[in-house]
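Given next are the chains, with one letter for each unit.
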Amino acid sequence: MMVKLRPDKQNLEAGFTASITIFKNMGLYPGDSFKNREGVELIVKGKEGSNEWYIESVDD
């Protein structure tokens with residue numbers, strides 16, 4: 001049996017890094033900002049030429 005990991009953006013925290021596909025499956029793209037379950041404002045960032053995106057706190 002295979003288990004598919006599907007993170008929820010409400011559970012994300014600053015420092016989370018994953019493949020672009022995982023972010024797209026959550027409907028998130030670089031520049032998108034949102035609040036997680038704790039009310040922390042986060043933003044999606046992407047590095048040019050990288051196939052991974054990451055989350056930063058807007059306050060940083």
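Everything discussed here concerns the structure shown above.
Notes on the structure follow.

**Description of the environment of Gly27**
And then number 1: With respect to the helices and strands, the residue Gly27 is situated in the loop between α1 (20-25) and β2 (33-35).
And then number 2: Overall, Gly27 belongs to the partly exposed group, its relative accessible area being 42%.
And then number 3: Separated by 18 residues in sequence, Gly27 and Lys9 place their C-alpha atoms 9.1 Å apart.

**Some thoughts on the pairing of strand β4 (residues 52-57)**
And then number 1: Here β4 shows a buried face lined by Trp53, Ile55 and Ser57 and an unburied face lined by Glu52, Tyr54 and Glu56.
And then number 2: Strand direction decides the pairing type here: strand β3 (residues 41-46) and β4, joined by five bridges, are antiparallel. Note that in β4 the partner of Lys45 across the bridge is Tyr54.
And then number 3: Linking β3 to β4, which pair antiparallel, is a turn of five residues; within it Gly49 sits at a positive phi near 80 degrees.

**A short note on the pattern of salt bridges**
And then number 1: One pass over the full model with this rule turns up one salt bridge.
And then number 2: The shortest N-O distance in the salt bridge between Glu56 and Lys45 comes to 3.9 Å. Taken together, the residues span a long stretch of sequence, with Glu56 in strand β4 and Lys45 in strand β3 at a distance of 11 residues.
And then number 3: Classification of Glu56 by relative accessible area gives partly exposed; the value is 28%.
And then number 4: Lys45 gets classed as partly exposed once you look at its relative accessible area, which sits at 31%.

**Topic: the nonpolar core**
And then number 1: Within the largest apolar cluster, 11 residues are counted, these being Leu12, Ala18, Ile20, Phe23, Met26, Leu28, Phe34, Leu42, Val44, Trp53 and Ile55.
And then number 2: Apart from residues no more than four positions distant in its own chain, Ala18 is found in contact with Phe23, Asn51, Glu52 and Trp53.

**Quick word on the packing of aromatic side chains**
And then number 1: Using the criterion set out here, one finds three aromatic pairs in the structure.
And then number 2: Here Phe23 and Trp53 contribute two aromatic rings whose centre-to-centre distance is 6.0 Å and whose plane-to-plane angle is 55 degrees, an arrangement assigned as tilted. Taken as a pair, Phe23 in helix α1 and Trp53 in strand β4 lie far apart in primary sequence, 30 residues in all.
And then number 3: For Phe23, a relative accessible area of 0% translates into the label buried.

Rules used throughout
Residues numbered from 1 in each chain as written. Predicted model: local features only at pLDDT ≥ 70, side-chain atom pairs only at ≥ 80, totals over all residues. Heavy atoms only, no water. Helix = DSSP H or I, 4+ residues; strand = E, 2+ residues; numbered from the N terminus. Buried < 20%, exposed > 50% of the residue type's maximum accessible area, 1.4 Å probe, protein only. Pairing = 2+ DSSP bridges. Salt bridge = Lys/Arg side-chain N within 4 Å of Asp/Glu carboxyl O. Core = buried A, V, L, I, M, F, W, Y, C linked by side-chain atoms within 4.5 Å. Contact = heavy atoms within 4.5 Å. Phe/Tyr/Trp six-rings, centres within 6.5 Å; stacked < 30°, edge-to-face > 60°.

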